[in-house]
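# Geometric and topological summary
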Amino acid sequence: MKVLRTISNYIEVLKVKETLLLGGLGLCSVIIAAFHRPGIFTLELYSLFFWHYGASLHQIIADGTLVLATITILIASGGANGLTNYLDRYVDAQMERTKRRVFPTNRIKPPENGLVWIIILIAIGLVLAWFIHPYVFIADLVGTIAAAVFRKRVVCVFPQGVIASYAPVLMGWFAVRSDVTAELVLLCLLITVWLPLHVWSVMVSHRNDYIKAGLTFFPLSVPVQTVVTILLVFALLLNVVALCLYFVTNYGLFYLVVSSILGIAMLLATIRLVASHASKDAWKLYKLSSFPYLGLVFIAICISLGL
């Protein structure tokens, strides 16, 4: 039982739910890239090292690229999430929401043992990423560095948070193709306008907890009324970007229906928060933002491409 608890602790430190979400986004990105949807523009990157460009979905399944890329993204995401857990351990210990995590409760001690495990995962992810393609390696490396400096001490989620969040999408995309299209730009833009809704809502929900721990950066540095108003703007932008994806890429009616329903749900949740300023409504927006919203939107894209 002691061995099983130890294994469980080392897995838990990787933020399993978040890692699975990021891995799922990466998997969807591999599939999306394999369909080669046309965009408003296409920028072909330097392609000396590329050998996967032009591969179809059948080809990347047959040659193992789909499986390898997904495993790589899961490992890389787990390593990056574990690193943020390690770096945040002192702040987490002061907050009610996070004080029962692995490091604050000393379930891995000394914490450096957990860091060794995390560094091993990061290294494995980078090696596998290089094996797939150097651009996948670059996306992984930059994302990991951004995650490491995306601390609770920074001003807000820009730019480190969005850069770290791009990593699984870019890794999945560059595992298959070498160009940057309007489709990829819009997918990244969707994440850009989604991230404040996800991160700032939980900070509104546990505002006193953050401030008690000595954290006073934005959005904690402004009144709640200001934060929720800004979140409403991002909720509107989220719907606009999702709609632009439909018109630019012609994903299909299924994507349009699913993304519209989810987008309206996000908007209504944000409007409710603007009206109430209540912690419970901020928490509901936070829970809605990760999965189902982001996860189901990417799944809807993949399904639409196959219809």
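So, a few notes on the structure that sits alongside this text.

Calculation criteria
- Residues numbered from 1 in each chain as written.
- Predicted model: local features only at pLDDT ≥ 70, side-chain atom pairs only at ≥ 80, totals over all residues.
- Heavy atoms only, no water.
- Helix = DSSP H or I, 4+ residues; strand = E, 2+ residues; numbered from the N terminus.
- Axes fitted to C-alpha atoms, helices over the stretch in contact; angles between N-to-C directions.
- Parallel < 35°, antiparallel > 145°, perpendicular 65-115°, else oblique.
- Left-handed = near helix turned anticlockwise from the far one by under 90°.
- Contact = heavy atoms within 4.5 Å.
- Nonpolar A, V, L, I, M, F, W, Y, C, P; charged D, E, K, R; others polar.
- Phe/Tyr/Trp six-rings, centres within 6.5 Å; stacked < 30°, edge-to-face > 60°.
- Buried < 20%, exposed > 50% of the residue type's maximum accessible area, 1.4 Å probe, protein only.
- Lys NZ or Arg CZ within 6 Å of the ring centre and 35° of its normal.

## Let's talk about unusual backbone geometry
Residues lysine 109 and proline 110 are joined by a peptide bond in cis, for which omega reads -5°. Mapped onto the elements of the fold, proline 110 is located in the loop between α5 (89-92) and α6 (111-132). Following phenylalanine 218, the chain continues to proline 219 via a peptide bond in cis, the omega torsion being 10°. Positive phi values are uncommon outside glycine, yet asparagine 250 reaches one of about 55°.

## Thoughts on the environment of alanine 123
Of note, alanine 123 is situated in helix α6. For the pair formed by alanine 123 and histidine 58, sequence separation is 65 residues and the distance between their alpha carbons is 30 Å.

## Quick look at the packing of helix α9 (residues 182-205) against helix α13 (residues 279-306)
It is at 7 Å that the axes of α9 and α13 come closest, and there the two elements cross at 155°. By the angle between their axes, α9 is roughly antiparallel relative to α13. At the point where α9 passes α13, the crossing takes the left-handed sense. Note on element contacts: α13 touches α9 through Ser279, Ala282, Trp283, Leu285, Tyr286, Ser289, Ser290, Tyr293, Leu294, Val297, Phe298 and Ile301, opposite Leu187, Leu190, Ile191, Trp194, Leu197, His198, Ser201, Val202, Val204 and Ser205. Looking at side-chain class alone, the contact of α9 with α13 contains 16 nonpolar, six polar and no charged residues.

## Details of the packing of aromatic side chains
Taken as a whole and assessed by the stated rule, the structure comprises 11 aromatic pairs. Their ring planes at 80° and their centres at 5.6 Å tell us that tyrosine 86 and phenylalanine 103 sit as a pair that is edge-to-face. Taken together, the residues tyrosine 86 in helix α4 (residues 65-87) and phenylalanine 103 in the loop between α5 and α6 connect sequence positions 17 residues apart. Aromatic side chains tyrosine 246 and phenylalanine 247 sit 5.1 Å apart centroid to centroid with 70° between the ring planes, which places their arrangement in the edge-to-face category. Under the relative-accessibility criterion, phenylalanine 247 is labelled exposed at 60%. By the ring-pair criterion, three or more aromatic residues cluster together here, those being Phe158, Trp200, Phe218 and Phe234. Of note, arginine 89 hangs over the ring of tyrosine 86, and the distance from its end group to the ring centre comes to 4.0 Å.

That is the geometry; function is a separate question.
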